[in-house]
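Spelled out, the chains give:
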Amino acid sequence: MLKNNPSTYPLAPLLSLTQGIHWSHQRLLAVASQLSMLVIGMIILTNLIITLGERRLQEEWATQRYSELQTIGTLITDKVSFQQFRTQIFANGELLKQYLSNPTAKQQLKLQEAWLDLVKHIPELLGIALYDPQGNYKFSTPSNFSKDALPPTLLGASRNMGGKEVYTSPLEFVPIEGMLEPYMYQMAWLEKPDQSSMGYLVTYNSMVQMLEAIKPAFSSNKSPMLVLDTQGLLYAGASDLAPLSNMPETLGASLRQSYPALWRDMSMSNFGQFHGEEATFVYLKIELTAQPETRREYFLLSYVRNSDIAARFSQWQNIVIVASLILTVLAAWVVLLSHMYRLQQRSRQYSIDVANGLFNSDIGFMMVNENARVISANTKAAEATLVPLDELTDRSLQRTLCLDDRTYAELMEQVHKTGQWSGEISLESINGPTLRVHIRQAPRASRGSPHLLITLEDISELVSSKEQAFLSELLCDSTVATALTDANGKLIKINPVFDALMQLNGDLNQDLASLLANDLGNQWQRISAQIAMQGQWQGQILCSPKQAHSNCLQATLKGHVAADGEIDYIVCTLEQAAERGRGTEKRSLVPHRSTILLSLVDLERYFNSLPPPSRLSSSLMLMDINPEGLLSHMSDIDQLSNRQQEVEVQLLLEIPANYQILHWQLGKLIVMLPDTDATHAHNFALNMMEKLNGNGLGEGISIGIAGYQEGQTLEQYLNNAEVALKRAKQNNDQNIGQAFTRHQS
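Anyway, here's the lowdown on the structure attached to this text. Throughout this description, residue numbers start from 1 for each chain and increase along the sequence as written. Whole-chain, interface and lining totals are the exception, using all residues; otherwise, since this is a predicted model, local features are given only for residues with pLDDT of at least 70 and side-chain atom pairs are given and counted only at 80 or more. In computing side-chain values, all of the structure's heavy atoms are included and hydrogens and water are not.

1. Things to note about the side chain of Ser618
Here is step 1: Along the chain, Ser618 falls in the loop between helix H20 (612-616) and strand E22 (619-624).
Here is step 2: Note on exposure labels: buried denotes an accessible area under 20% of the residue type's maximum, exposed denotes more than 50%, and partly exposed covers the range between, all computed with a 1.4 Å probe on protein chains only. The class for Ser618 is buried, based on a relative accessible area of 3%.
Here is step 3: By the criterion applied in these results, polar contacts are pairs of N or O atoms within 3.5 Å in which, for protein atoms, one can donate a hydrogen and the other can accept it, and in which residues neighboring in sequence qualify only through two side-chain atoms. Reaching out from Ser618, the side chain makes a polar contact with the backbone oxygen of Arg615 at a distance of 2.7 Å.
Here is step 4: Every residue in contact with Ser618, bar those within four places of it in the chain, is listed here: Leu673, Pro674, Asp675, Thr676, Gly707, Tyr708 and Tyr717. Put simply, DSSP H or I for four residues or longer makes a helix, DSSP E for two residues or longer makes a strand, and each gets a number counted from the N terminus. Contacts are residue-level and defined by heavy atoms, with any inter-residue pair within 4.5 Å sufficient.

2. Focus on the nonpolar core
Here is step 1: Definition used in this section: a nonpolar core is a set of buried Ala, Val, Leu, Ile, Met, Phe, Trp, Tyr and Cys residues joined via side-chain atoms within 4.5 Å. Counting residues in hydrophobic clusters, the biggest one holds 26 residues, and the most contacted among them are Met366, Leu397, Val437, Ile439, Ile454 and Leu456.
Here is step 2: Looking at this core, the elements with two or more residues in it are strand E12 (364-368), strand E13 (374-377), helix H11 (379-385), helix H14 (405-418), strand E14 (420-426), strand E15 (434-441) and strand E16 (452-458).
Here is step 3: Ala62, Leu69, Leu211 and Val304 belong to the second largest nonpolar core, which has 25 residues in total.

3. Description of the sheet that holds strand E9 (residues 271-275)
Here is step 1: One open sheet accounts for 5 strands, arranged E8-E7-E11-E10-E9; its pairing is antiparallel. Strand pairing shows two members of the sheet lacking a second neighbour, strand E8 (234-236) and E9, which therefore form its edges. On average, each strand axis in the sheet is inclined to that of its neighbour by 30°, with strand direction left out of account. Strand pairing is assigned whenever DSSP detects at least two bridges linking the two strands. For every element, the axis is a line fit to its C-alpha atoms; helices are fit only across the contacting stretch, and the angle between N-to-C directions ranges from 0 to 180 degrees.

4. A closer look at the pattern of salt bridges
Here is step 1: Salt bridge criterion: a side-chain nitrogen from Lys or Arg within 4 Å of a carboxyl oxygen from Asp or Glu. Applying the stated criterion across every chain, the model contains 10 salt bridges.
Here is step 2: Of the charged contacts, one joins Glu68 and Arg65 as a salt bridge, the two residues approaching to 3.0 Å between their closest N and O atoms. Separated by 3 residues within a single helix, Glu68 and Arg65 lie in helix H2 (residues 25-91), roughly one turn from each other. Comparing Glu68 with Arg65, the two get one shared label, buried.
Here is step 3: Linking Asp602 and Arg605 is a salt bridge whose minimum nitrogen-to-oxygen distance equals 2.9 Å. In this pair, Asp602 and Arg605 both sit in helix H19 (residues 600-609), 3 residues apart, roughly one turn of the helix.
Here is step 4: Shared partners join several salt bridges into a network, and the residues in it are Lys79, Arg86 and Glu124.

5. What to know about the environment of Ala310
Here is step 1: With respect to the helices and strands, the residue Ala310 is situated in helix H8 (residues 306-312).
Here is step 2: Residues Ala310 and Gly53 lie 257 residues apart in sequence; the distance between their C-alpha atoms is 9.3 Å.

6. Some thoughts on the sheet that holds E12
Here is step 1: If you trace the 5 strands from one edge of the open sheet to the other, you get E13-E12-E16-E15-E14, paired in antiparallel fashion. Only two strands of the sheet have a single neighbouring strand rather than two, namely E13 and E14. Averaged over all neighbouring strand pairs, the angle between strand axes comes to 20°, with direction disregarded.
Here is step 2: With 3 bridges joining them, E12 and E13 adopt antiparallel strand pairing.

7. Focus: unusual backbone geometry
Among all residues save glycine, negative phi is the norm, and among peptide bonds the norm is trans.
Here is step 1: Unusually for a residue other than glycine, Asn431 sits at a positive phi of about 60°.
Here is step 2: One can find Asn431 in the loop between E14 and E15.
Here is step 3: Given the relative accessible area of 73%, Asn431 is considered exposed.
Here is step 4: Positioned with a positive phi, Asn505 is a non-glycine residue whose angle comes to about 55°.
Here is step 5: The topology assignment puts Asn505 in the loop between helix H16 (496-502) and helix H17 (512-515).

Read these as spatial facts, not as claims about activity.
Spelled out as structure tokens, the structure:
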């Protein structure tokens, strides 16, 4: 063995370094720690980028929304100023002056109709009312507003405003159609030229309609906008949609109570941003009127949910995550490449030239590492394994030698136990040679498993010679006409007797099924199955006329079972068949018909194609070759099938050309006899029984004969023949019965 050769010991340090890249435990730990830190760092960095991105988006939204709130605040202030101007216009209206100068019912009705028309065409105008100089209610447009007297503080000398000025009230609520409507009313003083009071004109304006009129200035109609007073009460902006958990849900609710943190921030500043756990808020304080006496301050509040911000940022978030994954993979690949580069740099200082020197031989050599991968090989090894030399390196030993998993496992187990393995490996699966392989372990190095030294010797010619000798031995084992075939009947070798008998002239490009088509061709599958189950098949073939006697050849097909249990070769012998002894009568051995129908449909097609006279005078014969008495000494179904084949051959030899045979069932044959009456059919059946008895085939056979009745179908015809067959089985003399063979009168 290799370990007994002292000249190989100096190679041990060199051979151990031919492993190429060797990953030590320390280096593996270093790589694992670096990759772990890389993954953790990328996760933290990705979360930071996503968080900063969402916060930046929140700030951008807040900046944009604050600009919108400023615009809306300006528009609301302008709207209130316009409403004051409009109220003053209503107070100076001609119809109102006419009524005040002549307060009749007709003038009142005319004034109310004009006001109602204004209310219908101005959405934000909820109603118009007229009060007398004492502040008592006189009349108004239809509305839900209170008809109580005006506050005393707005009347007479106690008022701080007058003349052309218009008083604007704080926001209040009024129920309209079952819902609270936030509104403010404006009051104009109606004075005479001497500045005495003629009454007061009050207009009611809806805050909701005012906001709806200026809502297009908002970036999104779905964005919430709330109006609150300086005490935190909600006057507008309550949504039916799912609000935030800590936001007021109904008009008149207090933000100060529901969200103290937000209200604290709002109360300390006139504008700003607030980042909550559920949403980001933007608020702005506005003044509805600029007059010190009627100063009205309110907050405009808007918010966007953090989930909506995250949803808007989701596309960028996916991009960031994908980019992070790609960067992580690339960085991990760079880490691995750097370690591999360092290992390669260290391994280049070692050489395997000494090992390559072992390969300068006419015998194939390979060296395999502890992972059973080829690390070096010579040209002869590449030629033996049919693998290019440049592709042989780093190829697995199992794949190189085309070994299955079980064989490879047994091989490696023996190598690990005994240190070596010798045997023959065939590369026939890749059209390669047969190799004698010897595997030995190299001296064990200081670390790792030992390498394997493998020698490959091409013994294809030796194996071929042994195989030819074995085939010749099989062939010469017979003294009669013999042929050796593969499992499919393809000729491999023949002896001279078989060659002369078949007149092949040495041509082996034949198979038994083709050579003996009339005898074996149509039943080769059945014969192959019987050989596989029983080991052999026997039968008579090539029955041809010779002088005054009918002689056949006895064919014996014997299978050779390989080590795996499958048949790989078949030995065919042809001998002269023994005569039956009872048949002395001359007969023609050339069959009148060469085919037997296999389907009742084919027989029905043949029956329908007969001319009417032939069909009317026809008979149907049903032959049963499977009696119960005969089954007692039959070994299996195959013997019954063989007996039926012999009966069918005999029928084909004897029946006239216009008769037709159907292989109906195993053990039953149908013969159609056109132009044959009952008498001739019975005589034909007697003749057939004599022929079968003369050849030893008539034992236990029963025949039923039926005559054709006009208008019958083939099925009815066959049923009558079965009735005749039952009568035949009851007749112990001739076993021939008839039914419906004469027309009923």
